[in-house]
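Each chain is listed here by its residues.
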Amino acid sequence: MNTLILNKSDKLEIAARILENGGLVVSPTETVYGLCANALNEKAVESIFWAKGRPSDNPLIVHIASLDMLRDLVLEIPDDANKLINTFWPGPLTLIFKAKKDIIPNKTRANLDTVAIRFPANPIMLELIKISGLPLAAPSANTSGKPSPTNINRVIEDLSGKVDCIIDGGNSKIGIESTIIDVSDKRIKLLRPGFITLKMLEDTLKKTVYAPKNHFPIAPGMKYKHYAPNANLIIVDADSTQKVINRMHELIKEDMLENRKIGVLVVDEMLDFFENIPSLSLGSLQLLEDIASNLFEKLRQLDDLKLEKVYTIYLHDIGLAESIMNRLLKACNNQIIRLEDKK
Ligand code: TXA
Ligand code: MG
């Protein structure tokens, strides 16, 4: 299949027609690029799973551009959901509702009774939904298991020839996927942390939100291998940055004896200590927003460097740092070396 590439300034009518005809369009969103199809067309949704190589038991997020669209898709909008909608939509927050199962195909929901809905803030994505008049199912536009794409080059790497159209919207602003919160039940649950943090949600709802620990997969898609670079990525942690640097150097020395291709994925403040080693920076520790928006691209750049093993860091802050660590821990398959682990 030929993939049509559109630029920011191009008219979106062609892309909307493709969606109406059951095709696939990759659009930028404020979080990461999304692989879009008509959420109500079972065949179109099937091709999303095919293009990504995504397991069929992993449900999709449906993207809307008006509250009328929301009312068409869900059975009820609880009070708590309304509070979150008023505060955070349009924006990087996905809400789980009881689904109108006669309207939303099983494939979109992966047979669940619920559906994930997001009202994105990116103008291109909003325009696409409005012109097509369709709710759009859109997972991140990567091959399943790879880091989510935050620029069009990474989309092309994974999906060129598998989708009808890709729209270039520049670099994604936020860089990690939306926060997912389940409001379908009395007990409100955070399913995936993101740019909107637990504290922001609790401050809005004025109640406790149940938040499972990082390693416990609660959104169906969280149990799969995720964001994994080709190199073996391992976190090195200690109670000071200097100890992390020292420990990394010890580990690198041991690995060098075995002639391994080693690198580090650190922060600006640490780069000077790794001058002779292939190293990438996630950004400055002072700017967690930058680290979030760089993370997936840096994981992809590790692949470009063709390294075997890469040491990276643990961010101990709360809030956005926890959301970043949620993704980085998955990318590392939860491998952490702590200083006390030293034999
Ligand atoms: O920021 C985002 O959310 C991006 C952009 C493109 O909007 N999309 C995205 O989609 O991250 P995806 O498919 O990569 O992740 C969706 C997550 C999966 O972990 C899936 O299991 C979960 O949402 N999910 C979808 N429907 C669900 C439901 N009904 N109940 C619980 N989890 C659900
Ligand atoms: Mg994804």
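Each residue is numbered by its place in its chain's sequence as written, counting from 1. The naming scheme follows written order: chains are lettered A onward, ligands numbered 1 onward. Under the rules for a predicted model, residues below a pLDDT of 70 receive no local features and side-chain atom pairs below 80 are neither given nor counted, while totals for whole chains, interfaces and linings still include all residues. For side-chain calculations, the full set of non-hydrogen atoms in the structure is used, while hydrogens and water are omitted.

A. Highlighting the packing of aromatic side chains. Aromatic contacts are taken between Phe, Tyr and Trp rings whose centres are within 6.5 Å, Trp giving its six-membered ring; a plane angle under 30 degrees counts as stacked, one over 60 as edge-to-face, and the others as tilted. This structure, assessed with the given rule, holds two aromatic pairs. Ring geometry for Trp-89 versus Phe-119: centroids 6.0 Å apart, planes at 50°, classification tilted. One end of the pair, Trp-89, is in the loop between helix H4 (79-88) and strand S5 (93-98); the other, Phe-119, is in the loop between strand S6 (114-118) and helix H6 (123-132), with 30 residues separating them in the sequence. Neither residue differs from the other here; Trp-89 and Phe-119 are each classed as buried. Here a strand is any run of E in DSSP of at least two residues, a helix any run of H or I of at least four, and the numbering for each starts at the N terminus. Burial here depends on accessible area, computed with a 1.4 Å probe over protein chains only, as a share of the maximum for the residue type. Under 20% is buried, over 50% is exposed, and the range in between is partly exposed.

B. Structural view of the sheet that holds strand S12 (residues 262-266). Strand pairing is assigned whenever DSSP detects at least two bridges linking the two strands. Strand order in the open sheet formed by five strands is S13-S12-S14-S11-S15, with parallel pairing between adjacent strands. Every other strand in the sheet has two partners, leaving strand S13 (279-281) and strand S15 (336-338) as the edge strands with one partner each. Recorded for the sheet is a direction-independent mean angle of 25° between the axes of neighbouring strands. Against the sheet, helix H10 (residues 288-305) makes contact with strand S11 (232-237), S12, S13 and strand S14 (309-312), and its axis sits at roughly 165° relative to S13, the strand it touches most. Convention adopted: a line fitted to C-alpha atoms gives each axis, helices being fitted over their contacting stretch, and angles between N-to-C directions are expressed from 0 to 180 degrees. Working rule for contacts: check all heavy atoms of both residues, and any pair within 4.5 Å makes them a contact.

C. Summary view of the nonpolar core. To define a nonpolar core, start from buried Ala, Val, Leu, Ile, Met, Phe, Trp, Tyr and Cys residues and group those joined through side-chain atoms within 4.5 Å. Residues Trp-89, Leu-95, Phe-97 and Ile-117 are the most contacted members of the largest nonpolar core, which totals 64 residues. Residues within four places of Trp-89 in sequence aside, it is in contact with Ile-64, Leu-67, Leu-70, Leu-84, Leu-95, Phe-97, Ile-117, Arg-118 and Phe-119. With 46 residues, the next largest nonpolar core counts Val-32, Ala-231, Val-310 and Tyr-311 among its residues.

D. Focus on the pairing of strand S10 (residues 189-192). When strand S9 (residues 179-182) meets S10, the two strands line up antiparallel, connected through three bridges. When the bridges of S10 are listed, Ile-181 appears paired with Leu-190.

E. Main features of the sheet that holds strand S7 (residues 136-137). Ordered in space as S1-S8-S2-S3-S7-S4-S6-S5-S9-S10, the ten strands form an open sheet in which the pairing is mixed. Looking at strand neighbours, the two that pair on one side only are strand S1 (4-6) and S10, the edges of this open sheet. Strand direction decides the pairing type here: strand S4 (residues 61-63) and S6, joined by three bridges, are parallel. When the sheet's bridge partners are listed, Ile-61 is paired in S6 with Ala-116. Against the sheet, helix H8 (residues 198-205) makes contact with S5, S9 and S10, and its axis sits at roughly 40° relative to S9, the strand it touches most.

F. Structural detail: the environment of Arg-192. You can see Arg-192 is positioned in strand S10. Each polar contact in these results corresponds to two N or O atoms within 3.5 Å; when the atoms are within protein, one needs to be able to donate a hydrogen and the other to accept it, and residues that are neighboring in sequence are counted only if both atoms are side-chain atoms. Among the polar contacts listed, one links the side chain of Arg-192 to the backbone oxygen of Ser-178, at a separation of 2.9 Å.

G. Summary view of helix H11 (residues 320-331). In a helix, the anticipated span is given by 1.5 Å times the number of residues less one. Between its first and last C-alpha, H11 extends 17 Å over twelve residues, near the 16 Å set by a 1.5 Å rise per residue. Most of H11 is tucked away, with eleven of its twelve residues classed as buried. If you check which residues of H11 are buried, you get Leu-320, Ala-321, Ser-323, Ile-324, Met-325, Asn-326, Arg-327, Leu-328, Leu-329, Lys-330 and Ala-331. Downstream of H11 by one or two residues, Asn-333 has phi in the positive range, about 55°.

H. Geometry of unusual backbone geometry. Cis rather than trans, the peptide bond between Trp-89 and Pro-90 has omega equal to -5°. By the secondary structure assignment, Pro-90 is in the loop between H4 and S5. In this structure, Lys-206 takes a positive phi of about 55° despite not being glycine. With respect to the secondary-structure elements, Lys-206 resides in the loop between H8 and S11. Its relative accessible area of 71% is what places Lys-206 among the exposed residues.

I. The arrangement of the packing of helix H1 (residues 13-20) against H6 in detail. Contact pair H1 / H6: the axes reach a minimum separation of 9 Å and the direction vectors enclose 60°. Between H1 and H6, the crossing angle belongs to the class labelled oblique. Every pair of crossing elements has a handedness; the one defined by H1 and H6 is right-handed. Every residue of H6 that contacts H1 at Glu-13, Ala-15, Ala-16, Arg-17, Leu-19 and Glu-20 is listed here: Leu-128, Ile-131 and Ser-132. We call Asp, Glu, Lys and Arg charged. Ala, Val, Leu, Ile, Met, Phe, Trp, Tyr, Cys and Pro are nonpolar, and the rest, Gly among them, are polar. Considered class by class, the residues forming the contact of H1 with H6 number five nonpolar, one polar and three charged. Should an angle fall under 35 degrees it is called roughly parallel, over 145 degrees roughly antiparallel, and 65 to 115 degrees roughly perpendicular, with every other angle called oblique. Should the near helix be turned anticlockwise from the far one by less than a right angle, the crossing is left-handed, and should it be turned clockwise, the crossing is right-handed.

J. Structural context of the pattern of salt bridges. A side-chain nitrogen of Lys or Arg and a carboxyl oxygen of Asp or Glu constitute a salt bridge if their distance falls within 4 Å. In the structure shown here, the tally under the stated rule is 22 salt bridges. The closest approach of N and O atoms between Asp-255 and Lys-309, which form a salt bridge, is 3.0 Å. Residue Asp-255 is located in helix H9 (residues 241-257), and its partner Lys-309 is located in strand S14; the two are separated by 54 residues in the primary sequence. The two residues Asp-255 and Lys-309 agree in class, both being buried.

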